[in-house]
There are 2 protein chains.
Amino acid sequence: MAVSTVYTIQPLNSSCSSIISTQTKSHLGFNQKQQVLFFSKRITTTTNSSRRGIITCSSAEKTVVIGLAADSGCGKSTFMRRLTSVFGGAAEPPKGGNPDSNTLISDKTTVICLDDYHSLDRTGRKEKGVTALDPRANNFDLMYEQVKAIKDGVAVDKPIYNHVTGLLDPPELIKPPKILVIEGLHPMYDQRVRDQLDFSIYLDISNEVKFAWKIQRDMAERGHSLESIKASIEARKPDFDAYIDPQKQYADAVIEVLPTQLIPDDNEGKVLRVRLIQKEGVKHFNPVYLFDEGSTISWIPCGRKLTCSYPGIKFTYGPDTYFGNEVSVLEMDGRFDRLDELIYVESHLSNLSSKFYGEVTQQILKHADFPGSNNGTGLFQTIVGLKIRDLYEQIVASRAEALQTAKA
Amino acid sequence: MAVSTVYTIQPLNSSCSSIISTQTKSHLGFNQKQQVLFFSKRITTTTNSSRRGIITCSSAEKTVVIGLAADSGCGKSTFMRRLTSVFGGAAEPPKGGNPDSNTLISDKTTVICLDDYHSLDRTGRKEKGVTALDPRANNFDLMYEQVKAIKDGVAVDKPIYNHVTGLLDPPELIKPPKILVIEGLHPMYDQRVRDQLDFSIYLDISNEVKFAWKIQRDMAERGHSLESIKASIEARKPDFDAYIDPQKQYADAVIEVLPTQLIPDDNEGKVLRVRLIQKEGVKHFNPVYLFDEGSTISWIPCGRKLTCSYPGIKFTYGPDTYFGNEVSVLEMDGRFDRLDELIYVESHLSNLSSKFYGEVTQQILKHADFPGSNNGTGLFQTIVGLKIRDLYEQIVASRAEALQTAKA
């Protein structure tokens, strides 16, 4: 199971130079010889395209890093496709690479899956008796070093966890993109990794909805029994509660997915109540609001101007606290049946960070076939996408301004 | 008890001429010789200042008539002072007239009290065993004829019911104002009178609040016993339910005053929940709304931007039906503690018909000592005042336009 690779490095931005250091680390389950790339502001000597060099970049070009945490099968990949779509261009696996790569690359964004930092492959986990949720099955040292390297403008050779074989495949080269998204089980678990994040999101699917979704997928589509589904959920729960769930306290935005309250005792999971919990006071992040920022509002848009079918749509907005932090919560219960409902709702939300009137609707329509396009998950994922674009642009602008000031 | 008077008539607008007819009518309890003034569009001969003449006015100057119905002691006079204040100028009793006159005259408005159309004085009612609420104690023929006459631009000699003596005093001259408000128990009871109204309002005080107010006034201030207050309310109730309450179905706007829902089981009547029920589809009347016209909204403005003391303020807005009519209801529960709360609320209401930003707040501050200035009664009375001013201006404008078209 030992993986040993000497990584090749490619030059990055024309304004950047690189230094490569080689180190050998021992992790749980296997040894991996790896090259970690450091960024140093102090050294400006350029040795481009070399095996050993020093990286310098203008700080305005530093990669913005976004973390997205969620359990498996909770819609992270849909979220990622919505997010990358906001930045334009299709997101595709690295060209000519491992067909089982988990990475998605588009013009501005690179999304890497943190499963690639599993230190134990499937067999290894079985032998040690740990789940993939367990930190002991994950290499946080490497995760930190590589995320930090990319943030600092240095390409890395990232391992690949092959979900098909359950093995660790030879690594793939990840060049520093404008925006790096790290998505997976533990983007906020390790403090060093967490400190690299410019923005963090937690997708919080309630147990009832998770169960309804799993039944839909594993029972209806894959023929599993109800008992085996229940058992698999129960088996994951202790580690999930211990290692995954606590990360939400660190998130700048949490998307909570709950059963609807519009239909009494509904547990089909088809109509959802989705909450966007937005942390206040986060730099470059201005929470979306409904009508009056900071007040408490409920809104049933279906009325004289907009007619909706059963069970209708209900929005709620207001200030709250979440793990001791001040937050603003926007909630949507129900689903969109028609395009005009979506436009109507969009036109009444403020601070959307859209670039033109109707951009949210356009984005959702573009991917109408994605799961959740007719409910709050699609709406809030799209909105978070716009907020991240805005955050990215603000960060770039403020860095450029700081550079200007430093030069003057 | 018989009242017999020959009324003198004064010329009205310079563009109007008058005709006077004299008739003797027999009403329940007493005979009253009266002059009823008719308006005729067909006859244009002018005999100004004469005892018998024909009135013609440009229709753009016809009096706009507003009806306000409510039980006694329910704040009609406060409402009237707020309303006349919106039109500017102080409202005063007719100069040099009966000091016990119930009439209030300002630059543009004349408010007459429909108690003046009591056909039975206090002794007469006692003898017949009828209350003032009973239509048999009121002269609807005269009420109709005089309201119609004023509306048509003709001055009338209106009787005066003296609330101090309980007698019918000699009449007073009422010249056609720009806006005539008829306020009292029965402005919408008689269909002929109702048909004269350009806009109608019903002040609907719930039994719980009425009781709390009566206790406050009659027990605390006048030393009545709780039993006697209960008995007096009970005694009025059958006639009130039979003759007064049903009028609200005809009202264009109803102000409902209810106990608060912010304090559990509150019955002090100090914190109120006030509802402004606005009929849809009334010409020249565009209902006030909160945030999104025609949808259903609840709003607690007290939050991050606005802090309020207990029990806070809560607004609700939405479409509803009221006696089979489509209405929009705006509700305020709670009270204003500070000026900025009032301004904040005003700035979030739409369709207020104010002439400048903050006019509602300014009006309420101007009469901060009036009852209800810190709750929904003062707010909604002021808003209704602005809506009536707007309605008046729209009516005048549309008449002027119609005249122009007719001339062209």
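What counts, and where the lines are drawn
- Residues numbered from 1 in each chain as written.
- Chains lettered and ligands numbered in written order.
- Predicted model: local features only at pLDDT ≥ 70, side-chain atom pairs only at ≥ 80, totals over all residues.
- Heavy atoms only, no water.
- Helix = DSSP H or I, 4+ residues; strand = E, 2+ residues; numbered from the N terminus.
- Buried < 20%, exposed > 50% of the residue type's maximum accessible area, 1.4 Å probe, protein only.
- Contact = heavy atoms within 4.5 Å.
- Areas by Shrake-Rupley, 256 points an atom, 1.4 Å probe, with all protein chains shown as cover.
- Phe/Tyr/Trp six-rings, centres within 6.5 Å; stacked < 30°, edge-to-face > 60°.
- Lys NZ or Arg CZ within 6 Å of the ring centre and 35° of its normal.
- Pairing = 2+ DSSP bridges.
- Buried area = accessible area lost by both parts, 1.4 Å probe.
- Salt bridge = Lys/Arg side-chain N within 4 Å of Asp/Glu carboxyl O.
- Polar contact = N/O pair within 3.5 Å; in protein donor to acceptor, adjacent residues only side chain to side chain.
- Nonpolar A, V, L, I, M, F, W, Y, C, P; charged D, E, K, R; others polar.
- Least-squares fit on C-alpha atoms with pLDDT ≥ 70 in both.
- Disulfide = S-S within 2.5 Å.
- Axes fitted to C-alpha atoms, helices over the stretch in contact; angles between N-to-C directions.
- Left-handed = near helix turned anticlockwise from the far one by under 90°.
- Patch = residues over 30% accessible without salt bridge, like charges linked within 9 Å, V, L, I, M, F, W, Y side chains within 5 Å.

Asker: I'd like to hear about the overall build of chain A, residue by residue, with values.
Answerer: Secondary structure summary: chain A contains nine helices and 17 strands in total. Within the span of chain A, comprising 408 residues, buried residues form 56% of the whole. Taking all contacts inside chain A whose residues are at least 6 apart in sequence as the whole, residues at least 24 apart take part in 68%. Split by element, the accessible area of chain A, about 17400 Å² in all, is 50% carbon and sulfur.

Asker: So, the packing of aromatic side chains: which residues are in play, and what are the values?
Answerer: Within this structure, the stated rule accounts for 19 aromatic pairs over all chains. Relative to Y344(A), the ring of W299(A) has its centre 6.2 Å away and its plane inclined at 20°; by these criteria the two rings are stacked. Here Y344(A) lies in helix α7 (residues 339–348) and W299(A) lies in strand β14 (residues 296–300), a separation of 45 residues in the sequence. For W299(A), a relative accessible area of 0% gives the class buried. Considering the side-chain rings of F87(B) and Y392(B), the 6.3 Å spacing of their centres and the 80° angle between planes classify their relative orientation as edge-to-face. Of this pair, F87(B) sits in the loop between α1 (76–86) and β5 (104–105) while Y392(B) sits in helix α9 (residues 376–407), and the two are 305 residues apart along the sequence. Take F87(B) and Y392(B): they sit in the same class, and that class is buried. Through a chain of ring-to-ring contacts, the aromatic side chains of F291(A), W299(A), F315(A), Y344(A), F291(B), W299(B), F315(B) and Y344(B) assemble into a single cluster. Seen from the ring of F240(A), K210(A) lies directly overhead, with NZ or CZ sitting 3.6 Å from the centre.

Asker: Can you tell me about the pairing of strand β4 (residues 64–69) of chain A, naming the residues and giving the values?
Answerer: All names here are of chain A. Extensive coverage of β4 is indicated by the burial of six of its six residues. Because side chains alternate across β4, one face comprises the buried residues V64, I66 and L68, and the other comprises V65, G67 and A69, equally buried. Two strands pair when backbone bridges link them, and β4 and strand β9 (residues 179–184) are joined in this way by six bridges, in the parallel orientation. Residue G67 lies in a different strand from β9, and its bridge partner there is I182.

Asker: I'd like a rundown of the interface of chain A and chain B, residues and numbers included.
Answerer: Each side of the interface is counted separately: chain A has 22 residues, and chain B has 22 residues. Summing both partners gives a buried area of about 1600 Å² for chain A against chain B, and 42% of it is carried by carbon and sulfur. Taken together, the connections running from chain A to chain B amount to six salt bridges. As a salt-bridge pair, K305(A) and D292(B) come within 3.8 Å of each other at their nearest N and O atoms. Linking chain A to chain B there are 21 residue pairs in polar contact (both at pLDDT 80 or more). When residues in the side of chain A that touches chain B are grouped by element, the largest group, five residues, is from β14(A). Each residue belonging to the side of chain A that touches chain B can be placed in one class, and the counts come to eight nonpolar, seven polar and seven charged.

Asker: Outline the relation of the copies chain A and chain B, listing residues and values.
Answerer: Least-squares fitting of chain A to chain B yields an RMSD of 0.0 Å, with the transformation described by 0.0 Å of translation along the axis and a rotation of 180°. Classification of the inter-copy transformation places it as that of a two-fold axis. Every residue of chain A has its C-alpha some distance from the rotation axis, and the shortest such distance is that of S298(A), at 2.5 Å. A share of 100% of interface residues in chain A that are also interface residues in chain B marks the association as one of identical surfaces.

Asker: Describe in detail unusual backbone geometry, supporting the description with residues and values.
Answerer: Residues and elements named next belong to chain A. Omega for the peptide link from Y310 to P311 comes to 0°, which places this bond in the cis form. Among the secondary structure elements, P311 is positioned in the loop between β14 and β15 (313–322). Phi at D265 is positive, roughly 55°, even though this residue is not glycine. Note on placement: D265 falls in the loop between β11 (253–259) and β12 (272–279). Of note, S353 is a non-glycine position whose phi angle comes to about 65°, a positive value. With respect to the secondary-structure elements, S353 resides in the loop between β17 (349–350) and α8 (359–366).

Asker: So what about the environment of R192(A)? Which residues, and what values?
Answerer: Residue and element names in this part refer to chain A. Its place among the elements puts R192 in helix α4 (residues 191–194). Owing to a relative accessible area of 32%, R192 belongs among the partly exposed residues under this scheme. A C-alpha to C-alpha distance of 8.6 Å links R192 and F140, two positions 52 residues apart in sequence. Not counting chain neighbours up to four residues away, the residues in contact with R192 comprise F140, D141 and Y144. Reaching out from R192, the side chain makes a polar contact with the side chain of D141 at a distance of 2.8 Å.

Asker: I'd love a proper account of the state of the cysteines, names of residues and values included.
Answerer: Residue and element names in this part refer to chain B. A full pass over the atoms with the stated rule returns two disulfides over all chains. Covalently, C302 is tied to C308 through a disulfide, its sulfur atoms 2.2 Å apart. Of note, the bridge from C302 to C308 carries an S-S torsion of about -90° and is left-handed in sense.

Asker: Go over the packing of helix α7 (residues 339–348) of chain B against helix α8 (residues 359–366) of chain B, please, and point to the residues and values.
Answerer: All names here are of chain B. Running from N to C, α7 and α8 cross one another at 145°; their axes reach a closest spacing of 8 Å. As for the relative orientation of α7 and α8, their crossing is right-handed in sense. Across from L339, L342, I343 and E346 in α7, the residues of α8 making contact are E359, V360, T361, I364 and L365. Each residue belonging to the contact of α7 with α8 can be placed in one class, and the counts come to six nonpolar, one polar and two charged.

Asker: Give me the lowdown on the environment of K230(B), citing residues and values where you can.
Answerer: Residues and elements named next belong to chain B. Along the polypeptide, K230 turns up in helix α6 (residues 226–244). Here K230 falls in the partly exposed class, since its relative accessible area comes to 42%. Separated by 16 residues in sequence, K230 and K214 place their C-alpha atoms 9.1 Å apart.

Asker: Requested: an account of a nonpolar patch on the surface, with residues and values cited.
Answerer: Residues and elements named next belong to chain A. A contiguous nonpolar patch, built from L339, I343, Y357 and L365 and spanning about 410 Å² of accessible area, is present on the exposed surface. In this structure, Y357 sits in the loop between β17 and α8. On the basis of relative accessible area, Y357 is assigned to the exposed category, the value being 65%.

Asker: Please set out the pattern of salt bridges residue by residue, giving values where relevant.
Answerer: Residue and element names in this part refer to chain A. For the structure on display, the rule yields 44 salt bridges over all chains. The closest approach of N and O atoms between K158 and E172, which form a salt bridge, is 2.9 Å. With K158 in strand β7 (residues 156–161) and E172 in strand β8 (residues 168–174), the pair connects residues that are 14 residues apart, well separated along the chain. Residue K158 is classed as buried on the basis of its relative accessible area of 0%. Classification of E172 as buried rests on a relative accessible area of 8%. When the shortest N-O distance is used, the salt bridge between K248 and D245 registers 3.0 Å. The exposure class of K248 is buried, given its relative accessible area of 12%.

Asker: Give me the pairing of strand β12 (residues 272–279) of chain B: which residues, what numbers.
Answerer: Residues and elements named next belong to chain B. In terms of residue burial, β12 counts as a mostly covered element, since eight of its eight residues are buried. With burial as the criterion, each face of β12 is covered, one bearing L272, V274, L276 and Q278 and the other bearing R273, R275, I277 and K279. Looking at chain direction, strand β11 (residues 253–259) and β12 are connected through seven bridges and run antiparallel. Paired with V257 across the bridge in β12 is V274. In the sheet, β12 pairs with strand β16 (residues 325–334) via seven bridges, with the strands oriented antiparallel. Residue pairing in the sheet places R273 in a bridge with D333 of β16.

In short, geometric facts, not functional conclusions.
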